[in-house]
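# Inside the fold
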Amino acid sequence: MSDKDKKNKKEKKGGEKTGKLKRVEIIFSAAVDEDFMDGFKKKKIGSHFTKISGVSGAGFSNPKLGDAVWPQLNEMIIVYCSKDEAEKIVSLVHKLREKYPTEGIACFISKAKVE
């Protein structure tokens, strides 16, 4: 097997070429959790995800620390997907930011590599 064939085989691992796989990380107020999950189902996106509940932190909105002063908490969803699906997720994020401008919704996209 040539070096090029080995590289192509490694890139196709996981059904995606490694250079095209994206990691989408969304951190948002627990108050909008249902809206995200409904949006994922309606748009048929984010079907494979990791969700972390009870995330505390401080960003550009009110802190969500789960304590007596700042009792709310955040949620975090991580999705590994294609570039097209990442763009659809970002579209949903923008819509929910418009609907809930004070809730604090952060979205980060990075390249991902399957090992």
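Description of the structure in this document. (Residues numbered from 1 in each chain as written. Predicted model: local features only at pLDDT ≥ 70, side-chain atom pairs only at ≥ 80, totals over all residues. Heavy atoms only, no water.)

### Quick word on the overall build of the protein chain
Note the following rule: Runs of H or I in DSSP of at least four residues are treated as helices and runs of E of at least two as strands, each being numbered from the N terminus. Relative accessibility thresholds used throughout: buried, under 20% of the residue-type maximum; exposed, over 50%; partly exposed, between the two (1.4 Å probe, protein chains only). Contacts are residue-level and defined by heavy atoms, with any inter-residue pair within 4.5 Å sufficient. All accessibility values rest on the Shrake-Rupley procedure with a 1.4 Å probe; residue burial counts only the protein chains present in the view.
On a plain count of helices and strands, the protein chain comes out with three helices and four strands. The helix and strand sequence of the protein chain, counted from the amino end, reads α-β-α-β-β-α-β. The 115 residues of the protein chain split such that 30% are buried. In the protein chain, 71% of the contacts between residues at least 6 apart in sequence involve partners at least 24 apart. Entry remark: accessible area of the protein chain is about 7,700 Å², with carbon and sulfur atoms responsible for 52%.

### Observations concerning the sheet that holds strand E3 (residues 74–81)
Note on sheets: strands pair through backbone hydrogen bonds, and any given pair is parallel or antiparallel. The following threshold applies: At least two bridges found by DSSP between two strands is the condition for calling them paired. Axes, fitted as lines to C-alpha atoms, cover a helix only where it is in contact. Angles between the N-to-C directions of the axes lie from 0 to 180 degrees.
The sheet built from four strands is open, its strands ordered E2-E3-E1-E4 with antiparallel pairing. Either end of the sheet is taken by a strand with one partner, and the two such strands are strand E2 (49–55) and strand E4 (105–111). Between one strand axis and the next, the sheet turns by 15 degrees as a mean value, whatever way the strands run. As judged from the six bridges shared by E2 and E3, these two strands associate in the antiparallel manner. Each residue of the ladder has a partner; that of Phe-49, found in E3, is Val-79. Across the face of the sheet, helix H2 (residues 33–43) comes into contact with strand E1 (22–29), E2, E3 and E4 while running at roughly 145 degrees to E1. Here helix H3 (residues 83–99) sits on the sheet in contact with E1, E3 and E4, set at roughly 165 degrees to E4.

### Examining H2
Within H2 the residues assigned to the buried category are Asp-33, Asp-35, Phe-36, Met-37, Gly-39 and Phe-40. One or two positions beyond H2, positive phi appears at Lys-44, with a value near 55 degrees.

### Here's the deal with the packing of aromatic side chains
Put simply, the rule reads: For this analysis, a ring pair means two rings from Phe, Tyr or Trp (six-membered ring only for Trp) whose centres lie within 6.5 Å, classed as stacked if their planes differ by under 30 degrees, edge-to-face if by over 60, and tilted for the remaining angles.
One pass over the structure, following the stated rule, counts two aromatic pairs. An aromatic cluster of three or more residues is present, and its members are Phe-28, Phe-36 and Phe-40.

### With respect to the environment of Glu-87
Within the secondary structure layout, Glu-87 lies in helix H3. Residue classification places Glu-87 among the partly exposed positions, given a relative accessible area of 45%. Measuring from C-alpha to C-alpha, the distance between Glu-87 and Ile-109 comes to 9.7 Å, with 22 residues separating the pair along the chain.

### Brief notes about the environment of Ile-105
On the secondary structure map, Ile-105 appears in strand E4. Residue classification places Ile-105 among the buried positions, given a relative accessible area of 10%. With residues up to four places along the chain from it excluded, the contact list for Ile-105 reads Ile-26, Ile-27, Phe-28, Val-32, Phe-36, Val-93, Leu-96 and Arg-97.

Geometry only, nothing functional implied.
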